[in-house]
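If you want the building blocks of each chain, they are given just below.
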Amino acid sequence: MKDFLPVVTDNFLSSEGLKKLNVLSKKYRKSAKPGQVRTEMDRPVFYFPKKKNAVFFLDPSVLDPVITEIRNKLSILLKEHSIKVPSKFEMGVPQFSYYESGDYYGVHKDKTELGITFILFFSEKDFSGGILKFNEEHRTKVSYLSNRAIVFASNHKHEVTKVKGKGVRMTLQFFLTSNKAQEKFHLEIVRNRKAFRK
């Protein structure tokens, strides 16, 4: 995958899609308990104590019809910015991610097959911090704004700064991948789920 600058676009989803994401995310957030691993819709829920954020993996069908809207708009966005992907690419496993006061995610790279990460901010901001920072030559900083979408090359080092305040930083994210890679990813989660309890 050819390198490209992070792409940021606002007002990504329709108001109906944004509302559904907020309703679903609040429902699943109740299941994200520190140290807990359980299965919901064949997707495990787990907490990263070292990375300081709770993550919920979802069956894509749960997000219908929002996932269809995201797929269509993402395809347009990639074309508009001349980001080339294989004709048969898939949206990977959707993930709800939650950051409460004191939570952060240190510098890291995403391990993806096609090298593209998609993140959508969708909750109303009632906190400070939670900025998505890119730590290499781009030095880009993306502040949190509801309905803001970001597409970036997964090999860029990035981090999420510490969240402060009463609100919760909620995002939907996934990696562009293939069906085969997606199945492998799920198998790795199931095999290693005990490790997430540590």
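So, here is what we can say about the structure in this document.

Calculation criteria
Residues numbered from 1 in each chain as written. Predicted model: local features only at pLDDT ≥ 70, side-chain atom pairs only at ≥ 80, totals over all residues. Heavy atoms only, no water. Salt bridge = Lys/Arg side-chain N within 4 Å of Asp/Glu carboxyl O. Helix = DSSP H or I, 4+ residues; strand = E, 2+ residues; numbered from the N terminus. Buried < 20%, exposed > 50% of the residue type's maximum accessible area, 1.4 Å probe, protein only. Pairing = 2+ DSSP bridges. Expected span 1.5 Å × (residues − 1). Arc of directions from axis to C-beta. Contact = heavy atoms within 4.5 Å.

1. Notes on the pattern of salt bridges
Now for step 1: Scanning all chains against the criterion turns up two salt bridges.
Now for step 2: Its salt-bridge partner being Asp10, residue Arg148 comes within 2.6 Å of it at the nearest N-O pair. Taken together, the residues Arg148 in strand S12 (residues 148-153) and Asp10 in the loop between strand S1 (7-9) and helix H1 (15-29) connect sequence positions 138 residues apart.
Now for step 3: Judged by relative accessible area, which is 34%, Asp10 ranks as partly exposed.

2. A few points about the sheet that holds strand S7 (residues 105-108)
Now for step 1: The strand order S7-S13-S10-S11 describes an open sheet built from four strands, whose pairing is antiparallel. Pairing within the sheet leaves two strands with one partner each, and these edge strands are S7 and strand S11 (141-142).
Now for step 2: In this sheet, S11 lies alongside strand S10 (residues 132-134) in antiparallel orientation, the contact comprising two bridges. Considered in S11, the bridge of Leu132 is made with Val142.

3. Focus on H1
Now for step 1: Here H1 spans 21 Å end to end across 15 residues, near enough to the 21 Å set by a 1.5 Å rise per residue.
Now for step 2: Of all the positions in H1, only Gly17, Leu18, Leu21, Asn22, Leu24, Ser25 and Tyr28 are classed as buried.

4. Digging into helix H2 (residues 66-80)
Now for step 1: Its 15 residues give H2 an end-to-end C-alpha distance of 21 Å, which sits within 8% of 21 Å, the value for a rise of 1.5 Å per residue.
Now for step 2: When H2 is considered as a whole, its buried residues turn out to be Val66, Ile67, Glu69, Ile70, Leu74, Leu77 and Leu78. One side of H2 holds all its buried residues, which, seen down the axis, span an arc of 155°.
Now for step 3: Against the buried residues of H2 lie S1, H1, strand S5 (90-91), strand S8 (116-121), S12 and strand S15 (169-177).

5. Description of the environment of Gln95
Now for step 1: Following the sequence through the fold, Gln95 ends up in strand S6 (residues 95-99).
Now for step 2: Given a relative accessible area of 6%, Gln95 falls into the buried group.
Now for step 3: C-alpha of Gln95 to C-alpha of Ile119: the two residues are 24 residues apart in sequence and 9.4 Å apart in space.

6. Remarks on unusual backbone geometry
Now for step 1: With an omega of 0°, the peptide bond running from Asp64 to Pro65 counts as cis.
Now for step 2: Here Pro65 lies in the loop between strand S4 (53-57) and H2.
Now for step 3: Even without being glycine, Asn11 reaches a positive phi, approximately 55°.
Now for step 4: Looking at the element boundaries, Asn11 is found in the loop between S1 and H1.

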